[in-house]
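Overview (structure and organization)
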Amino acid sequence: MRRAHPTADPFDSLKKLIGEGQRKGLLRRELTALGHSVGQVDRALSHARQLGLITRVGQGVYAVGDARIAEVMPEVLPKLGYQILPTPQLDNYSIRRSGVTYRLDRPCRRFIMRDGVVATFETPNGTLAKLKTGSNVSTNELPTAQEIDSHYRTFQYCHSRARAEKDMVVNRVLNVYDSHTDPDVSFAIEGGTSLAQYQGVISRFSEDLDIRVTLGDNGNVSMTRDLMRDVGTRLTERLVDELPFLQPTNKGRLRHDGVVHTLIFDYDGSVEDRDVVHGIKFELLALQLRQPITQVIRNHRNCPVVAPLEILAGKFAALAQRLPVIGDSNPDLVRHVHDISTAATHITTQLETLYPLIVDLSDDLPSVVNELSRPIWKDHYTSYMRRMGSLPTFNSDRENVPRTHMAWTNVLVQFASICRSLDAIGDDVIERVGSAVKGLLPD
């Protein structure tokens, strides 16, 4: 049977489908059945996800708008060829399975999840069906196509399988790092990776790994440089030994004073994407900390991390040192604005502790906020979060935190408000931000 010729733009077809009645769910196959090519369908679905019209909840399965799993499944299961069977009444409620469970006429092993709610399926006799979750994972090899797809499906939003693959690679690298010790120094992870992966202060992907190295009193620059070279060599050997897919490169550098040692590894990823680099960068930094090291638990292991306020103070410093001078020539600096704004609750409850860490930056922060008030930074934020966000990013009228990332207008207002609370900017700058936000919002 030949596929019908499409008579409309695929995105228009998609909008027509989700506009039917009280539709809660959508299948990818419903679009392909209209005769659109695979590439057209994928682009239409991606565009609809970015606009917040649909959310991917499983392979080829989408929730329409804010529809919950309990609303989506009764609509899509029959279209997938499953019959929902009645569930016998249970007398003992203590044995009733929690969550959203469906008894079907045949086993279903699909993994479908939204907002942490997973759909579970029973066979006709009431046995729980085993989900396809990517068993027998080999953590010292590159992820397989099946593992990448499974990881990709666990996110409400992930712009590509290449990003999902890299996130898995980063986590495998971190697992080795967490168990690594050095005979001469101690480590503590910092930066966005620490805030996201270890401390849960922010929510986004991270690919550069920043490590604070405590050397002790080791003497002169030459000794520091030699020690940091040895530290980097031992870490490289450990990583390559346990993760043979990592390829050390000569792109890294050891700064002349030994304080910064950059290690860069490549890997042969199986999924290509122009926004995803097949590489991992470590930056070892031997600078004295101003706050005590904090301990957190990751994967049942006790991990030293730099205190979150010190990390956030470093992000203020990066903005103060660069934005007034270089403007928007490095648009990815917007990640620091996002991280600070997302951590607002953590910051505002500890303003007295943060203030001494950023007091030397006060003269530069008004210029930072003024630069960020330029309309171009909304585009930079949208671009960065499309590449590195783990949730959809909507305009302010569609924002629905925690299901979405904050809209840029709210990120900007939040950042300026934090700066004002720290007495770093005056009311005149706040008024300028207000005017900028009005210019960005739709009429």
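Its boundaries defined by the atoms lining it, the largest pocket holds a volume of some 1500 Å³. Per-element tally for the lining of the largest pocket: the top contributor is helix α9 (residues 308–326), with nine residues. Residue composition of the lining of the largest pocket, grouped by class: 19 nonpolar, 10 polar and 21 charged. The space that makes up the second largest pocket amounts to roughly 520 Å³. Contributing to the lining of the second largest pocket are 22 residues, with D42, R49, Y152, H159 and R161 lying nearest its centre. Broken down by secondary-structure element, the contributors of at least two residues to the lining of the second largest pocket are α3 (38–50) and α6 (161–178).

Moving on to the sheet that holds strand β5 (residues 100–104). A sheet is described by the order of its strands in space; here four strands give the open sequence β4-β5-β7-β6, paired in mixed fashion. Two strands lie at the open edges of the sheet, namely β4 (84–85) and β6 (113–114), each paired on one side alone. Bridge analysis of β6 against strand β7 (residues 117–122) gives two bridges, and the strand direction is antiparallel. Residue pairing in the sheet places M113 in a bridge with V118 of β7. Sitting on the sheet, helix α4 (residues 69–76) touches β4, β5, β6 and β7, and the angle it makes with β5 is about 15°.

This next bit is on the confidence of the model for the chain. Here the chain averages 88 in pLDDT, while 91% of its residues score no lower than 70. For the chain, per-element mean pLDDT is lowest for β6, which scores 80, and highest for helix α13 (residues 365–372), which scores 98.

In this section: the nonpolar core. One finds F316, L354, I358, L365, L372, W408 and F415 to be the most contacted residues of the largest nonpolar core, which totals 55 residues. Top element by residues in this core is α9. It accounts for nine residues. With residues up to four places along the chain from it excluded, the contact list for F415 reads F316, L319, V337, I340, S341, V368, V369 and L372. Listed in part, the 33 residues of the second largest apolar core include V170, V185, I211 and M228.

Where helix α5 (residues 145–153) contacts α6, the axes come no closer than 9 Å and their chain directions differ by 100°. In this view, α5 runs roughly perpendicular relative to α6, as classed from their interaxial angle. Across the interface between the two elements, E147, I148, D149, H151 and Y152 from α5 touch R161, A164, E165, D167, M168 and R172 from α6.

Right, let's get into the sheet that holds strand β3 (residues 61–64). Hydrogen bonds along the backbone pair up the strands of a sheet, which may run parallel or antiparallel. Spatially, the three strands line up as an open sheet ordered β1-β3-β2, and their pairing is antiparallel. Bordering the open sheet on either side are β1 (25–27) and β2 (54–58), each of which pairs with just one other strand. Ignoring which end each strand starts from, the neighbouring axes of this sheet average 35° apart. Two elements, β1 and β3, share three bridges in a ladder whose sense is antiparallel. Considered in β3, the bridge of G25 is made with A63. Across the sheet, α4 is in contact with β1, β2 and β3; its angle to β1 comes to roughly 45°.

Parameters at a glance
- Sequence positions are assigned chain by chain, starting from 1 and proceeding in written order.
- Under the rules for a predicted model, residues below a pLDDT of 70 receive no local features and side-chain atom pairs below 80 are neither given nor counted, while totals for whole chains, interfaces and linings still include all residues.
- Hydrogen atoms and water are omitted, and side-chain values are computed over all heavy atoms in the structure.
- In this analysis the probe radius is 1.4 Å and the grid spacing 1 Å, with only protein atoms considered; a cavity is a set of points the probe fits into but cannot get out of, a pocket is an open set with protein on both sides within 12 Å along at least five of seven lines, and lining residues have an atom within 4 Å of a point.
- Grid points are joined across faces, edges and corners, and a volume is the space filled by probe spheres set on the points.
- Think of it this way: any DSSP run of H or I at least four residues long counts as a helix, any run of E at least two long counts as a strand, and we number them from the N terminus.
- Here the nonpolar group is Ala, Val, Leu, Ile, Met, Phe, Trp, Tyr, Cys and Pro; Asp, Glu, Lys and Arg are the charged ones; every other residue, Gly included, is treated as polar.
- Here, strands pair whenever DSSP counts at least two bridges between them.
- Any pair of residues with heavy atoms lying within 4.5 Å of one another is described as a contacting pair.
- As a rule, the C-alpha atoms of each element are fitted with a line to give its axis, helices using only the stretch in contact, and angles between N-to-C directions run from 0 to 180 degrees.
- Note on scores: pLDDT gives the predictor's confidence for each residue, bounded by 0 and 100.
- Here the nonpolar core consists of buried residues drawn from Ala, Val, Leu, Ile, Met, Phe, Trp, Tyr and Cys, with membership extended through side-chain atoms lying within 4.5 Å.
- Burial classes: relative accessible area under 20% of the type maximum marks a residue as buried, over 50% as exposed, and values in between as partly exposed (1.4 Å probe, protein chains only).
- Every angle not falling under 35 degrees, over 145, or within 65 to 115 is termed oblique; those three ranges are roughly parallel, roughly antiparallel and roughly perpendicular.

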